[in-house]
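Analysis of the macromolecular model
One letter stands for each residue in the lines below.
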Amino acid sequence: MKVCIAEKPSVAREIAGILGAASRRDGYFEGNGYQVTWTFGHFCTLKEPHEYTGSWKQWSLYVLPMIPPRFSIKLIDNDGVKKQFAVIKKLISEAGEVINCGDAGQEGELIQRWVMQKAQCKVPVKRLWISSLTEDSIREGFNSLKEQSKFDKLYEAGLSRAIGDWLLGMNATRLYTVKYGQNRSVLSIGRVQTPTLALIVNRQLEIENFKPEPYWELKTIYRETTFSAAKGRFTIKEEGEKFLEEIKTSDFEVTDVTTKKGEEAPPRLFDLTALQVECNKKFSFSADETLKIIQSLYEKKLTTYPRVDTTFLSDDLYPKVPAILKGLAGYEELVTPVLAAKITKSKKVFDNSKVTDHHAIIPTGVRTNNISGNEHKVYDLVTRRFIAVFYPNCKISTTTVLGEVNKVEFKVTGKQILDPGWRVVFDKTANALNDKEEEEKDQDNILPDFVKGESGPHLPSLNEKWTQPPKYYTEATLLRAMETAGRLVDDGELRDALKENGIGRPSTRAAIIETLFKRNYIRKERKNLYATQTGVELIGTIKEELLKSAELTGIWEKKLRQIEKNEYDPRQFIEELKQMLTEIVANVKSDTGRAITIEEIVPEKEKTEKPKTKKKAENERQIAVKKEKTDVVLCPLCKKGSVIKGKTAYGCSEWKAGCAFRLPYGDIDESLGEKDLKIIIESLKK
């Protein structure tokens, strides 16, 4: 019997249907010589510190660093996991062969390997490696199953990542919590989350410490076109005024007109980060929302594997492109011109050297049915990008006009679209590149016809401007910064080069950002990300650059990728981490720094959303007013707010205004009535 282990029940159902395993059993499908079972997320994890040695149960500086001589895994303490694992273990014990059908990536490999290891799998193992869940893809995958050993290095990279995260997370979190956390809150430190927080904090401090400085720009309007002085900006107003006076009484003369024709290539296909960036810009989706949506589209067979970091397709996909395009229902008008001629095999789209495990995210050509509005938005972005790469380049004309007034030189540049090419794929509602702002910019840049030697009156001006601070990070710009280890770049090829040293993996970056929110290290206002006081102080307290430098963390990430490619020894990676950890612990233990402020959110009272009658609402208002007059407990600290109940403590209703009153439940019974609470609060004033 061949046992297939899928990453979730829905995938197992698809595989079972294709293999002919039609009989449903408890925890698996069976038939035609196959048993198809499943996991659902992580079943195993590395053991907790106290499970290696009892002395590590206590959070104490004296037991740090905690470095197990050998790492071990355990089954997660969850009834559902235990029940399903028992099924998997029994099936494996009776199997003649196991087929690993887990998620085709580093994390998926680790999840399935740990399960097989815990189940003491002794039989040969094959690997199903596919990039989409369509029937054709699954059949093709089973016809060309790989040897499990081919993916040993992928597993070693995943294992090294897990051990590295354990070593740093467990030790540094305890280290900083005990040293600086006031015994009030856990200060979470992570190999990727801390340098990501540092990016946000450093940008915020840069903005807060920014001192704007004035400068002046000399411009002139000739034939309703604004020309800028070639000299650039003036830092001294008097210097600018001197030039302004020199050109006021003379005519403007066109000294040169140059027109260059060029082409713009279509936007590149999406990798996960690019898709998350685009969805954040266009729809304000968080990185986590976008990942969940594209994962759902993948599971519905509509798009290919999403956790990818390449924007290229492998050569073997080229012959499949026409069939995919023909299957894109609703896009026939855009697809027809592409299918009318032979599709060009461009190196900017197909390049095996730029594809490792999986290719860029593209539609599968399966008809869309019953998808949500947000799913359709993301699907539309992916589909239009895919169609656009097979369109001709957009042809443009760039015109540069030089002018002169009394020997003072001026310049203006304009762009005109001669043939839209791929741009026709992006209509006004779906255009991910030509949004309204960019369209207006393009229109502003269309110049009238100028002739060299012409001249006439003009309207000069000297405009005062102020230098601007950098912008706060949004999730879109933070994802780009994580991808390039803190260096924000627009150029696609340069970004590809920097990806090698990016922090985190495409599949984990969204979770890292969500962790920072949950830890209350950052908050969001509209699209901007701000560090809380706790987040700022934590980064300020960490002296070790290795813990908070995006660049240095990027070097670790590069080594993990090299392990995957068999270019770096995983044992050396772990030894380097151990050595670094030992140094960090010694340095923090000897530090005399002060405790970190723990900024906690006191949740507002839940509000009911049921509609109320006018009379009922008025009665409730009167009751509330009466209650406020009799039972309200005034804050003993600010004397303005009232004491309200939070998750872990009583706090002040004026906490947003800065009141720091807090009475933890460890010091007081959280089930107290208003009268008893009032008595205790009154006693605090004495």
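Just so it is clear, the model here is predicted, and its values are computed rather than measured.

Basis of the calculations
Residues numbered from 1 in each chain as written. Predicted model: local features only at pLDDT ≥ 70, side-chain atom pairs only at ≥ 80, totals over all residues. Heavy atoms only, no water. Helix = DSSP H or I, 4+ residues; strand = E, 2+ residues; numbered from the N terminus. Expected span 1.5 Å × (residues − 1). Buried < 20%, exposed > 50% of the residue type's maximum accessible area, 1.4 Å probe, protein only. Arc of directions from axis to C-beta. Contact = heavy atoms within 4.5 Å. Polar contact = N/O pair within 3.5 Å; in protein donor to acceptor, adjacent residues only side chain to side chain. Axes fitted to C-alpha atoms, helices over the stretch in contact; angles between N-to-C directions. Parallel < 35°, antiparallel > 145°, perpendicular 65-115°, else oblique. Left-handed = near helix turned anticlockwise from the far one by under 90°. Nonpolar A, V, L, I, M, F, W, Y, C, P; charged D, E, K, R; others polar. Pairing = 2+ DSSP bridges. Salt bridge = Lys/Arg side-chain N within 4 Å of Asp/Glu carboxyl O. Core = buried A, V, L, I, M, F, W, Y, C linked by side-chain atoms within 4.5 Å. Phe/Tyr/Trp six-rings, centres within 6.5 Å; stacked < 30°, edge-to-face > 60°. pLDDT = per-residue confidence, 0-100. Disulfide = S-S within 2.5 Å.

Here helix α2 (residues 79–93) spans 21 Å end to end across 15 residues, near enough to the 21 Å set by a 1.5 Å rise per residue. The set of residues buried in α2 consists of V81, Q84, F85, V87, I88, L91 and I92. All buried residues of α2 fall inside an arc of 155° around its axis, so they share one side. Seen from the buried face of α2, the exposed residues on the opposite side, beyond 90 degrees, are D79, K83, K90 and S93. Residues of α2 that are buried in the fold lie against β1 (2–6), β3 (28–31), β4 (34–38), β6 (73–75), β7 (97–101) and α3 (106–118). Measuring from the side-chain oxygen of the N-cap residue of α2 to the backbone nitrogen of G80 gives 2.9 Å; that N-cap residue is N78.

One can describe the packing of helix α8 (residues 272–283) onto helix α14 (residues 475–483) by two numbers: an axis separation of 8 Å at closest approach and a directional angle of 160°. Comparing the axis directions of α8 and α14 gives the class roughly antiparallel. Once α8 is placed against α14, the crossing between them reads as left-handed. For the pair formed by α8 and α14, the contact residues are T273, A274, Q276, V277, N280 and K281 on the first element and E475, A476, L479, R480 and E483 on the second. Of the residues assigned to the contact of α8 with α14, the class counts are 4 nonpolar, 3 polar and 4 charged.

This next bit is on the sheet that holds strand β15 (residues 455–456). The antiparallel open sheet is built from 7 strands, whose spatial order is β15-β12-β13-β14-β11-β10-β16. The open sheet has two edge strands, β15 and β16 (459–466), and neither has a second partner. Across 2 bridges, the pairing between strand β11 (residues 225–234) and strand β14 (residues 408–419) is antiparallel. When the bridges of β14 are listed, S228 appears paired with K411.

The residue T196 is located in helix α6 (residues 193–208) in this model. Residues within four places of T196 in sequence aside, it is in contact with L478, M482, I503, I512 and L516.

What follows concerns the environment of F243. Relative to the helices and strands, F243 resides in helix α7 (residues 237–247). Between the alpha carbons of F243 and N406 there is a distance of 9.5 Å; along the sequence they are 163 residues apart. When sequence neighbours within four positions are dropped, the list of residues in contact with F243 reads L218, K231, F234 and V408.

Moving on, we come to the sheet that holds β4. Within the open sheet, the 7 strands sit side by side as β2-β3-β4-β1-β7-β8-β9. Their pairing is mixed. Looking along the sheet, the strands with just one partner apiece sit at the ends: β2 (23–25) and β9 (146–147). Both β1 and β4 contribute to a ladder of 5 bridges, which runs parallel. Bridge assignment links I5 to a residue of β4, and that residue is T37. Each of β1, β3, β4 and β7 is contacted by α2, which is oriented at about 150° to β4, the strand it contacts most. Contacting β1, β7 and β8 (125–127), α3 crosses the sheet at an angle of about 150° to β7.

It is worth spelling out the pattern of salt bridges at this point. A pair can form between side chains of opposite charge whenever their charged atoms are brought close. All chains considered together, the criterion is met by 38 salt bridges. Notably, a salt bridge pairs E51 with K74, separated by 3.1 Å at the nearest N-O pair. On the criterion of sequence distance, the pair formed by E51 in the loop between β5 (44–46) and β6 and K74 in strand β6 is long-range, its members being 23 residues apart. Where E147 meets K126, a salt bridge forms, and the shortest distance between an N and an O atom there is 4.0 Å. Here E147, found in strand β9, pairs with K126, found in strand β8; they are 21 residues apart in sequence, far enough to count as distant. You can call E147 partly exposed: its relative accessible area is 45%.

Before going further, it helps to examine the nonpolar core. In globular proteins that are soluble, nonpolar side chains generally tend to be buried together. Counting residues in each nonpolar core, the largest one holds 148 residues, and the members touching the most others are I15, Y176, L325 and F386. At 11 residues, helix α5 (residues 152–180) tops the list of elements feeding residues into this core. Discounting residues that sit within four places of it in the chain, L325 has contacts with V335, V338, L339, I343, F386, I387 and F390. Counting 18 residues, the second-largest nonpolar core is a separate cluster that includes W216, Y222, A229 and L462.

All right, on to unusual backbone geometry then. Geometrically, the link from L64 to P65 is a cis peptide bond, its omega value of 0° lying close to zero. Examined against the element boundaries, P65 turns out to sit in the loop between β5 and β6. Positive phi, close to 50°, is recorded for N406, a residue that is not glycine. Note on placement: N406 falls in the loop between β13 (394–405) and β14. Given a relative accessible area of 43%, N406 falls into the partly exposed group. With a phi close to 70°, K407 is a non-glycine residue in the positive phi region.

Take the packing of aromatic side chains next. Counted by the stated rule, this structure contains 23 aromatic pairs. Ring centres of F29 and W38 lie 5.8 Å apart, and the angle between their planes is 50°; on these two criteria the pair is classed as tilted. Take F29: its relative accessible area is 8%, and that puts it in the buried class. Overall, W38 belongs to the buried group, its relative accessible area being 6%. For the pair F252 and F410, a centre-to-centre distance of 6.2 Å together with 55° between the ring planes defines the contact as tilted. Residue F252 is located in strand β12 (residues 252–264), and its partner F410 is located in strand β14; the two are separated by 158 residues in the primary sequence. With relative accessibility at 1%, the residue F410 sits in the buried group.

The next subject is the confidence of the model for the protein. For the protein, mean pLDDT is 86; residues scoring 70 or higher make up 85% of the total. Model confidence for the protein, summarised as mean pLDDT per element, is weakest for helix α21 (residues 614–631) at 45 and strongest for β4 at 97. Counting interchain partners and residues more than four positions distant, the pLDDT-below-50 stretch residues 602–615 has 10 contacts. Contacts of residues 620–630 to residues separated by more than four positions or lying in other chains number 4 contacts, the stretch itself having pLDDT below 50.

Now for the state of the cysteines. Overall, the coordinates contain 0 disulfides when judged by the stated rule. C4 supplies the cysteine sulfur nearest to C101, a cysteine that is in no disulfide, at a spacing of 4.4 Å.

Further remarks concern the packing of α6 against α14. Interhelical geometry of α6 versus α14 gives an angle of 125° and a closest axis separation of 11 Å. Relative to α14, the element α6 lies oblique. Our pair here, α6 against α14, has a crossing hand that is right-handed. In this structure, α6 uses T196, L199 and I200 to contact α14, whose residues at the interface are L478, A481 and M482. Considered class by class, the residues forming the contact of α6 with α14 number 5 nonpolar, 1 polar and no charged.

Of the strand pairs in this sheet, β13 and β14 are connected by 11 bridges, and their pairing is antiparallel. Opposite L402, over in β14, you have K411 as the bridge partner. Turn length for the β13-β14 hairpin, with the two strands adjacent in sequence and antiparallel, is 2 residues, and the turn residue N406 shows positive phi of about 50°.

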